[in-house]
Amino acid sequence: MTTATKTAPEFISACTKLVSKEGNTEYPLKALHICEETFAPLEVAYDYDLIRRHVTRETIEAGPNSIWRYRAFLPVTGKDVIDVGTGMTPLVKSHRLARRLGLKNLYIKNDAVNMPTLSFKDRVVSVALTRARELGFTTVSCASTGNLANSTAAIAAHAGLDCCVFIPADLEAGKILGTLIYNPTLMAVKGNYDQVNRLCCEVGNSYGWGFVNINLRPYYSEGSKTLGFEVAEQLGWKLPDHIVAPLASGSLFTKIHKGFQEFVKVGLVDDKPVRFSGAQAEGCSPIASAFQEGRDFVKPVKPNTIAKSIAIGNPADGVYALDIARKTNGNIESVNDAEIIEGIKLLAETEGIFTETAGGTTVAVLKKLVEAGKIDPEETTVVYITGNGLKTQEAVQSHVGEPLTIDANLDSFERALERSRTLERLEWQQVLV
């Protein structure tokens, strides 16, 4: 009896140039991110005919169990990629949360367990640092609300690159520790994310470092497409009907859309309408406000929310996220901090997934959309959970119970057990009232 073996996929580099998102101005594949003529963001273009000739479902399935199984769709030119096992996170078929919300086909894309730093940012950083190394950078950096700092520091350490990262000074302790452990230079700036980002633009111009979300942004943002690729593959090479994802800069939202469209373009999945809905916190909801008010522009705001990982008051890709939500018949909603906490707790107690505040925002918006009749119970809906709750424990610390302290004997245990059951009954009675 012989065992079939998978043939390793052929290496191809299909990225061809950078193109302005407004107009057709082209640029070489260098460390550039803004069009000099229109000041619009730059985006990576690919030779899709080349991809179509060389990539099949089978070659992808024969690739590594990471984002690099989709290497032909990513902006790298060589074989030496930084693969730390990022990607191929679980797509969980929801049962208890789905029943609670009245949905029949709900899936949870769980990047709370992504490697190496437990957020989707590991995807974008793996791509950005691979490209940084190809472009000759030896020092890498970022402006971050926490998760990106964790990822940049960790993957730079793995790759042997010097690292200096910038964060707002008031970040959660878990995210600060989760960066410092990799021994980068960490700059805690007295200001919000938008102020941090402006400082980083000045540093980048002065020092010539590779900033993953500034001069390397066209490459960095392409890593988010893998969240679209994986969902399509994990659904049996099919697109979902509806996705709900958090909105910060808006880039993740737009790149999931691009990923779906690329798979359609090269014939890996059949085309179908996919509705795109976005989630923001009320304390930083410039994109949601523009959507609700029917505007085609985004007014910057000053963030004031516990959802710090998505607290970007001046979102770079906000207008493009607006356009996608509208043209796909989706929605963009916001929820307050109390609803975010309830969203975190709801996901944890129904599906055993502990998410950070961005995920709590997304679950709360999912619930809000269902209650408003904006999600069909029959739709195949995918909700994106982008980070781990261990990073933002402060948000829920005063909203969960405490352990029952008992003596080391059976009598003490039984008294405590009865007490806990009585409290549980009282809580249910209050809910029913």
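Residues numbered from 1 in each chain as written. Predicted model: local features only at pLDDT ≥ 70, side-chain atom pairs only at ≥ 80, totals over all residues. Heavy atoms only, no water.

Peer 1: It is not clear to me how the overall build of the protein should be interpreted in this structure. Could you clarify?
Peer 2: Helix and strand counts for the protein come out as 15 helices and 13 strands. The C-alpha radius of gyration of the protein comes to 22 Å, within 12% of the 22 Å expected for a compact globule of 433 residues. Summarising the internal contacts of the protein: among those between residues at least 6 apart in sequence, 71% fall at separations of at least 24. Carbon and sulfur atoms form 51% of the exposed surface of the protein, whose accessible area is close to 19,200 Å². Looking at charge distribution, the protein has the averaged site of its 46 positive side-chain charges lying 2 Å from that of its 51 negative ones. (Helix = DSSP H or I, 4+ residues; strand = E, 2+ residues; numbered from the N terminus. Rg over C-alpha atoms; globule rule 2.2 N^0.38 Å. Contact = heavy atoms within 4.5 Å. Areas by Shrake-Rupley, 256 points an atom, 1.4 Å probe, with all protein chains shown as cover. Lys, Arg positive; Asp, Glu negative; His and termini not counted. Charge placed at Lys NZ, Arg CZ, Asp CG, Glu CD.)

Peer 1: Which parts of the structure should I look at to understand the pairing of strand β8 (residues 185-189)?
Peer 2: Within a regular strand, the side chains alternate between the two sheet faces. Two strands pair when backbone bridges link them, and strand β7 (residues 162-168) and β8 are joined in this way by five bridges, in the parallel orientation. Pairing of P168 across the sheet is with V189, part of β8. A crossover links β7 with its parallel partner β8, the connecting element being helix α6 (residues 173-180), and its sense is right-handed. (Pairing = 2+ DSSP bridges. Right-handed = clockwise from strand over helix to strand, strands pointing away.)

Peer 1: Looking at this structure, how should I read the sheet that holds strand β9 (residues 210-211)?
Peer 2: Whenever strands of a sheet pair, they do so through backbone hydrogen bonds, lying parallel or antiparallel. Reading across the sheet, the four strands line up as β8-β7-β6-β9 and stay open at both edges, with parallel pairing between neighbours. Two strands bound the open sheet, and with one partner strand each, they are β8 and β9. Sheet strands in contact with helix α7 (residues 193-207) are β6 (139-143), β7, β8 and β9, and its direction is about 150° off that of β7. (Axes fitted to C-alpha atoms, helices over the stretch in contact; angles between N-to-C directions.)

Peer 1: Looking at this model, I keep getting lost on the pairing of strand β13 (residues 380-385). Mind explaining?
Peer 2: Within β13, five of the six residues are buried, which leaves the element mostly enclosed by the surrounding structure. The pairing of strand β5 (residues 105-110) with β13 spans six bridges and is parallel. Looking at β13, one finds that N110 is bridged to I385. Of the pairings in the sheet, the one linking strand β10 (residues 242-246) to β13 comprises three bridges and is parallel in character. Within the sheet, the bridge partner assigned to H242 lies in β13 and is T381. (Buried < 20%, exposed > 50% of the residue type's maximum accessible area, 1.4 Å probe, protein only.)

Peer 1: Would you mind going over the side chain of T152 with me for this structure?
Peer 2: Here T152 is to be found in helix α5 (residues 147-159). Residues within four places of T152 in sequence aside, it is in contact with V125, L129, V140, S141, C142, C163, V165 and V212.

Peer 1: Looking at this structure, I do not really get the pattern of salt bridges. What am I missing?
Peer 2: A full pass over the atoms with the stated rule returns 29 salt bridges. In this structure, K255 and E43 form a salt bridge, with 2.8 Å as the shortest nitrogen-oxygen distance. Placement of K255 in helix α10 (residues 251-265) and of E43 in strand β3 (residues 42-46) is noted, with a sequence separation of 212 residues between them. Overall, the relative accessible area of 21% leaves E43 in the partly exposed class. (Salt bridge = Lys/Arg side-chain N within 4 Å of Asp/Glu carboxyl O.)

Peer 1: What should I look at first to understand α5 in this one?
Peer 2: Since one α-helical turn is 3.6 residues long, residues separated by three or four positions face the same way. Spanning 13 residues, α5 covers 18 Å between terminal C-alpha atoms, matching the ideal 18 Å at 1.5 Å per step. Buried residues dominate α5, accounting for eleven of its 13 residues. Every buried residue of α5 is listed here: N147, L148, A149, N150, S151, T152, A153, A154, I155, A156 and A159. For α5, the elements touching its buried residues are α4 (121-134), β6, β7, α6 and α8 (217-222). Where α5 terminates, the next one or two residues include G160, which has phi positive at roughly 75°. (Expected span 1.5 Å × (residues − 1).)

Peer 1: Mind showing me how you'd approach the sheet that holds β3 here?
Peer 2: A sheet is described by the order of its strands in space; here three strands give the open sequence β2-β1-β3, paired in antiparallel fashion. Of all the strands in the sheet, just β2 (26-27) and β3 have a single pairing partner and so form its edges. As paired elements, strand β1 (residues 15-20) and β3 share five bridges and run antiparallel to each other. Bridging from a neighbouring strand, S20 pairs with L42 of β3.

Peer 1: What is the right way to read unusual backbone geometry from this model?
Peer 2: Note on backbone geometry: most residues besides glycine have negative phi, and most peptide bonds are trans. For the peptide bond that leads from M115 to P116, omega is 10°, which places it in the cis range. Inspection of the secondary structure puts P116 in the loop between β5 and α4. Backbone geometry places N329, a non-glycine residue, at a positive phi of 65°. As for its placement among the helices and strands, N329 is situated in the loop between α12 (318-327) and β12 (332-335).

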